[in-house]
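Residue strings, one per chain:
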Amino acid sequence: MQWRGSGFVVLSWWWLIAAIVGTGVLVIAFADLRWGGRIMAAGFLLGALIRLVARPARKAGGLNVRSRTLDVIILVAFGVGLLIASATVNLNDPVSRSSATVTR
């Protein structure tokens with residue numbers, strides 16, 4: 001699809017990644033924190049893969065911001081960081097007021 005005069009050609013794959021990450025945010029807000037984090041991580045990792053294999057660089061569209069190496073490293077770091085954060089978050093042990101106060 002090439003719509004001349006629109007932002008679609010310029011941003012191309014960016015829309016897909018933004019939609020996946022946005023879906024992850026909605027899942028976090030309305031359903032499950034862990035699954036939402038996994039969906040967001042998948043979006044960032046897919047973005048890294050697209051940025052890595054898109055040749056020439058202009059085919060990556062809005063994912064083409066800096067050098068290819070730096071873009072891939074940043075997207076992989078976001079993806080792996082979200083995977084680790086969503087896997088290790090403790091949802092079952094809320095902090096009670098009695099344990100948070102200091103006794104004298």
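Calculation rules
- Residues numbered from 1 in each chain as written.
- Predicted model: local features only at pLDDT ≥ 70, side-chain atom pairs only at ≥ 80, totals over all residues.
- Heavy atoms only, no water.
- Helix = DSSP H or I, 4+ residues; strand = E, 2+ residues; numbered from the N terminus.
- Expected span 1.5 Å × (residues − 1).
- Buried < 20%, exposed > 50% of the residue type's maximum accessible area, 1.4 Å probe, protein only.
- Arc of directions from axis to C-beta.
- Core = buried A, V, L, I, M, F, W, Y, C linked by side-chain atoms within 4.5 Å.
- Contact = heavy atoms within 4.5 Å.

As annotated in an unreviewed UniProt entry, the protein is DUF3017 family protein from Humibacillus xanthopallidus.

Novice: I'd like a rundown of the environment of L26, residues and numbers included.
Specialist: Structurally, L26 is set in helix α2 (residues 14-30). Residues L26 and G36, spaced 10 residues apart in sequence, show a C-alpha to C-alpha distance of 7.3 Å.

Novice: I'd love a proper account of helix α4 (residues 68-88), names of residues and values included.
Specialist: Along its 21 residues, α4 runs 30 Å from first to last C-alpha, staying within 8% of the 30 Å computed at 1.5 Å per residue. Within α4 the residues assigned to the buried category are D71, V72, L75, G79 and S86. Mapping the buried residues of α4 onto a view down its axis gives an arc of 100 degrees, with all of them on the same face. For α4, the exposed residues lying more than 90 degrees away from the buried face are T69, I73, I84 and T88.

Novice: Can you lay out the environment of V76 for me, pointing to particular residues and giving the numbers?
Specialist: By secondary structure assignment, the location of V76 is in helix α4. Overall, the relative accessible area of 33% leaves V76 in the partly exposed class. Residues V76 and A48, spaced 28 residues apart in sequence, show a C-alpha to C-alpha distance of 6.0 Å.

Novice: Help me get a handle on the nonpolar core, residues and values and all.
Specialist: Judged by nonpolar contacts, I17, V21, M40, F44, A48, I50, A54, A60, L63, V72 and L75 together constitute the single largest core of 11 residues. Mapped onto this core, the elements with two or more residues apiece are α2, α3 (33-53) and α4. The element contributing the most residues to this core is α3, with 4 residues. For V72, the residues in contact, after removing those within four places along its chain, are A48, R51 and L52.

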